[in-house]
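Residue-level listing of the chains:
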Amino acid sequence: MYTFKELRKASNVQIEGKKMKLAVLGNCSTQFLRIAILGNAKLQGINLDVFDADYNQIDAQLLNNQSEVYAFNPDNIILWLATDKLYEEFLDMPIEQKTEFADLYIEKIQRYWQLINKNSESKILQMNFTEIDDKALGQYSAKIEYTFIYQIRKLNWLLQQAMNQNSNVYPVDILSIQTQIGQSNLYSSSFYYNAKMTVSPSALPYISKAVTDILKSMSGKIKKCIVLDLDNTLWGGVIGDDGLNNIEIGELGRGHAFSNFQRWLKQLKQMGIILAVCSKNNEDIAKEPFEKHEDMILKLDDISVFIANWQDKASNIKEIQQNLNIGMDSIVFVDDNPFERNLVKQMIPEVEVPEMPEDPADYLNFLQNCNYFDVVSFSIKDADRTKQYKAEFQRKKSEQSFMSIDEYLKDLQMIGSVSFFEESKYSRIAQLTQRSNQFNFRTIRYTEDEIRKISEDKNCIPLYFTLKDRFGDHGLVCVVIMKKEDDKTVFIDTWLMSCRVLKRGMEEFVVDNIIKMAKEKGFSTVKAEYIPTNKNMLVKDVYKKFGFKEYEKNKYIINTDNYISKNVFIKEEI
Amino acid sequence: MDRQTVSEQVIEICNDVFDNDDLVLTEDSSMSNVEEWDSLTHLSIINDIEDNFNISLTLEEISNSKSLKQLVSAILNHL
């Protein structure tokens, strides 16, 4: 969220593009709101002009068909009847009239709408009402129609009914902002009593965003598709490593948070948002939970385009976009992994990439507050578009589009390190040998004790690798154990890597170091083996790619003098 | 924080709000001798001061602090 100060600065910027005109009419002081909306709109690339009528001039401006507001010829008029003023009027009413308060006000508002519709072409942005609970009868107020809290809640109810019947009116949901940020952040008594400003400057970024979201939607900038990662985004854990029965989904613990996230996504789909999947996985493994896990809320039928492979995600998103034939700027990409997010952000800046919170329990709230899916029309008939897009995808399923990511990798400024096993790392190393399934050539599991023995064995070369880049530290992500076969030959007993760091130059960095280390220890030959499992097809051809010869099925050999260094992108930490 | 430091920060805040390179502010600058300093920019200054010093000025302080000197004194009451 921008600060009010940032919005104030942006409000003076000149920008190009089609001009939109907005008039602000309030029963309170709206100068700061004007500045905030201007700033927010300009930061979103909307060339906005805002006319701010003087305080409390709604009747005068709307009744006179020659008024300044009508002369301004706005595309939109904001009507802001702040609750604070309504509350004062309510208190001044005789008690017997108070039960009529909401009915009187909704009539008044509808009369404003009629006047605007009669005297202008403008659309109406109607603010709903924040709540003030003055505890006149304590909590009992909530059921007594003589109280303000009863009347203001009723007014909100009448307002949503009235808006529902009027296609020219668009809600600005300031009540939802009050719920989100709280009354103590929304309201500042000193600003109210000094300047009749019913919201504090620190709340204006939220309100101006709500307004700008509608303007964006009116100009056709809407989100149509949400592209989802799978592991640790739709469920807890890594399906390829943990397996179907161990991923977190369902009603227990963290699984509950992922389930609720899926429930919300399913609703988005029902409302017309296309769901797509983009995952670094083998396709059949990635689809398994959708087909077989009974706690999954989302099914394959809910997903319009399902892409699971080992290509970079930017290329995959391009494919999704082409298949759906929608604009890049209508896509929201949700992934727990900052590396993937940054890659997509840099390669396709038009895509909306929310900076997801660390804790999956916060995903839902966070994304809801982002308010990506503002629309200015809705019809239940054309809501669920999934089927039509799925069919379209089947037709157009074509060659993957490749795209160079070398520039991006260079830009990451990756730094890798290689070290011998050490005491403090034994448990992490053992854990990796037990959990890694996909990038793991021989899938040999070791306990912590066995790792200790290997570490102390003179005939072993036990290495672990770390990786960091300018966005953060991935920590210990790779383990290599080489064992001496004879004076000249060493065998790669174990090579495994965390899937988070695949396809970004780490493989090259590791093989370079394997060969270098073998040479230093006086070996001229390195042997290796691939033992296929149903999860490690990914690494089937890796040794071949690095110039090893297959001397027997799945067994490889290389002479260290014939090896040509492959690493380009990762600098070694000394 | 001493008066000197507060004063420097307030001048910086005011310069930022008034956004006029020709304007030279001192502790004697006030609503009566700075053209840009009107009721609206005054509230911008108050908002930026409250954010910057992480304080909340009272209604009275806001309406009575019509010069830089008075603003600085009001802030010091809260530090």
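Whatever comes next refers back to the structure up there.
Here's a quick rundown of the structure. Throughout, residues of each chain are indexed from 1 in the direction in which the sequence is written. Here chains are named by letter from A upward and ligands by number from 1 upward, in the order in which they appear as written. In view of the model being predicted, local features appear only for residues whose pLDDT reaches at least 70, and side-chain atom pairs are presented and counted only at 80 or more, with totals across whole chains, interfaces and linings using the full set of residues. With hydrogens and water set aside, each side-chain value is computed from the structure's full complement of heavy atoms.

**A look at the interface of chain A and chain B**
Stated formally: Any two residues whose heavy atoms approach within 4.5 Å are treated as being in contact. Computed with a 1.4 Å rolling probe, the buried area is the accessible surface lost when two parts are put together, summed over both parts. In the sections that follow, a salt bridge refers to a side-chain nitrogen of Lys or Arg positioned within 4 Å of a carboxyl oxygen of Asp or Glu. Here a polar contact means two N or O atoms within 3.5 Å. Within protein one must be a hydrogen donor candidate and the other an acceptor candidate, and residues neighboring in sequence count only if both atoms are side-chain atoms. By definition, any uninterrupted DSSP run of H or I lasting at least four residues is a helix, any uninterrupted run of E lasting at least two residues is a strand, and each is numbered from the N terminus.
Each partner contributes to the interface: chain A provides 14 residues, whereas chain B provides 13 residues. For the pair chain A and chain B, the summed buried area comes to about 1200 Å², and 60% of that belongs to carbon and sulfur atoms. Broken down residue by residue, the surface that chain A buries against chain B is led by A:Arg8, A:Phe191 and A:Asn194, which jointly contribute 41%. In this assembly, chain A and chain B are joined by 4 salt bridges. Taking the shortest distance from any N to any O, the salt bridge between B:Asp16 and A:Lys5 comes out at 3.8 Å. Counting across the interface, chain A meets chain B through 2 residue pairs in polar contact (both at pLDDT 80 or more). Per element, the largest residue contribution to the side of chain A that touches chain B is 5 residues, and it comes from helix H10 (residues 189–195) of chain A.

**Examining the nonpolar core**
Which entries qualify depends on this criterion: Put simply, a nonpolar core is a bunch of buried Ala, Val, Leu, Ile, Met, Phe, Trp, Tyr and Cys residues held in one set by side-chain atoms that sit within 4.5 Å of each other. When a residue's accessible area, from a 1.4 Å probe over protein chains only, is under 20% of the maximum for its type it is buried; when over 50% it is exposed; and in between it is partly exposed.
A:Ile317, A:Trp495, A:Met506 and A:Phe548 are the most contacted members of the largest nonpolar core, which has 70 residues in total. If one sorts the elements of this core by residue count, helix H22 (residues 506–520) of chain A sits on top with 8 residues. Setting aside anything within four residues of it in sequence, one finds A:Phe548 in contact with A:Val511, A:Ile515, A:Val526, A:Ala528, A:Tyr543, A:Tyr556, A:Ile557 and A:Ile558. Core analysis: the second largest hydrophobic core is formed by 62 residues, A:Met20, A:Val172, B:Ile45 and B:Ile55 among them.

**Examining the sheet that holds strand S11 (residues 414–420) of chain A**
Residues and elements named next belong to chain A. The line we're drawing: A pair of strands is treated as paired once DSSP finds two or more bridges between them. All axes are obtained by fitting lines to C-alpha atoms, using only the stretch in contact for helices, and the reported angles, taken between N-to-C directions, cover 0 to 180 degrees.
Spatially, S16-S17-S15-S14-S13-S12-S11-S18 is the arrangement adopted by the 8 strands of the open sheet, whose pairing is mixed. With one partner strand each, in any of the chains shown, strand S16 (549–552) and strand S18 (570–572) form the two edges of the open sheet. Averaged over all adjacent pairs, the angle separating strand axes in this sheet is 30 degrees, with direction ignored. One ladder, built from 6 bridges, connects S11 with strand S12 (residues 460–469); its direction is antiparallel.

**Brief notes about the pattern of salt bridges**
By the definition in use, this model includes 39 salt bridges over all chains. The closest approach of N and O atoms between A:Lys85 and A:Glu88, which form a salt bridge, is 3.6 Å. Highlighted residues: A:Lys85 and A:Glu88, both in helix H5 (residues 83–92), separated by 3 residues, approximately one helical turn. With a shortest N-O distance of 3.7 Å, A:Glu550 and A:Lys544 are connected by a salt bridge. Several salt bridges converge on common partners, so that one network encompasses A:Lys5, A:Arg8, A:Lys9, B:Asp16 and B:Asp48.

**Concerning the layout of surface pockets**
Gaps left between atoms are located by rolling a probe of water-molecule size over the structure's atoms. All names here are of chain A. Operational definition: Grid points spaced at 1 Å and placed over the protein atoms alone form the basis of the search, with a cavity being a set where a 1.4 Å probe fits but cannot get out and a pocket an open set showing protein on both sides within 12 Å along at least five of seven lines. Lining residues have an atom within 4 Å of a point. Grid points are joined across faces, edges and corners, and a volume is the space filled by probe spheres set on the points. When residues are sorted by character, Ala, Val, Leu, Ile, Met, Phe, Trp, Tyr, Cys and Pro go into the nonpolar class, Asp, Glu, Lys and Arg into the charged class, and all the rest, Gly among them, into the polar class.
Taken as a whole, the second largest pocket spans an internal volume of roughly 1000 Å³. Around the second largest pocket, the lining comprises 39 residues; the ones closest to its centre are Asn232, Val238, Asp336, Asn337 and Arg500. Every element with two or more residues in the lining of the second largest pocket is listed here: helix H13 (253–270), strand S8 (274–280), helix H16 (338–347), helix H20 (426–435) and strand S13 (472–484). When grouped by side-chain class, the residues that make up the lining of the second largest pocket number 11 nonpolar, 11 polar and 17 charged.

**Describing the sheet that holds S8(A)**
All names here are of chain A. Reading across the sheet, the 4 strands line up as S9-S8-S7-S10 and stay open at both edges, with parallel pairing between neighbours. Each edge of the sheet is formed by a strand with only one pairing partner; in this case those strands are strand S9 (303–309) and strand S10 (331–334). Strand-to-strand twist in this sheet, taken as the mean axis angle between neighbours without regard to direction, amounts to 15 degrees. The pairing of strand S7 (residues 225–228) with S10 spans 4 bridges and is classified as parallel. Opposite Leu228, over in S10, you have Val334 as the bridge partner.

**Let's talk about empty space enclosed by the protein**
Residue and element names in this part refer to chain A. Counting across every chain of the model gives 2 cavities of 30 Å³ or more. By volume, the largest cavity amounts to about 100 Å³. Every residue lining the largest cavity is counted, 16 residues in all, and those nearest its centre are Thr83, Asp84, Thr130, Leu186 and Thr198. For the lining of the largest cavity, the class distribution of residues is 9 nonpolar, 6 polar and 1 charged. Here the second largest cavity defines a volume of roughly 40 Å³. The wall of the second largest cavity is formed by Ser29, Phe32, Leu33, Trp80, Met197, Thr198, Val199 and Leu204. Among the residues forming the lining of the second largest cavity, the class breakdown is 6 nonpolar, 2 polar and no charged.

**What about the pairing of S9(A)?**
Residue and element names in this part refer to chain A. Selection rule: Crossover handedness is defined by viewing with both strands directed away from the observer: a clockwise path from the first strand over the helix to the second marks the crossover as right-handed.
Of all 7 residues in S9, 7 are buried, a share of seventy percent or more. Pairing geometry for S8 and S9, over 6 bridges, is parallel. Each residue of the ladder has a partner; that of Val277, found in S9, is Phe306. Considered for its hand, the β-α-β crossover made up of S8, helix H14 (residues 283–292) and S9 is right-handed.

**Quick word on the packing of H13(A) against helix H17 (residues 363–370) of chain A**
Residues and elements named next belong to chain A. As a reminder of what qualifies: By the definition adopted for this analysis, an angle is roughly parallel if under 35 degrees, roughly antiparallel if over 145, roughly perpendicular if from 65 to 115, and oblique otherwise.
The N-to-C vectors of H13 and H17 enclose an angle of 30 degrees; their axes lie 9 Å apart at closest approach. As judged from the angle between their axes, H13 and H17 are roughly parallel. Residues Phe258, Asn260, Phe261 and Trp264 of H13 form the contact with H17, whose own contacting residues are Tyr363, Leu364, Leu367 and Gln368. Classifying every residue of the contact of H13 with H17 gives 6 nonpolar, 2 polar and no charged.

**Brief notes about helix H8 (residues 174–181) of chain A**
Residue and element names in this part refer to chain A. Condition: Note: the arc covers the axis-to-C-beta directions of the helix.
For H8, the full list of buried residues reads Ile174, Ile177, Gln178 and Ile181. Seen end-on, H8 carries its buried residues on one side only, within an arc spanning 100 degrees. Tucked inside the fold, the buried residues of H8 contact strand S3 (76–80), strand S4 (123–127), strand S6 (169–172), helix H9 (183–186) and helix H11 (204–218). Following H8 by one or two positions, Gly182 adopts a phi angle in the positive range, close to 90 degrees.

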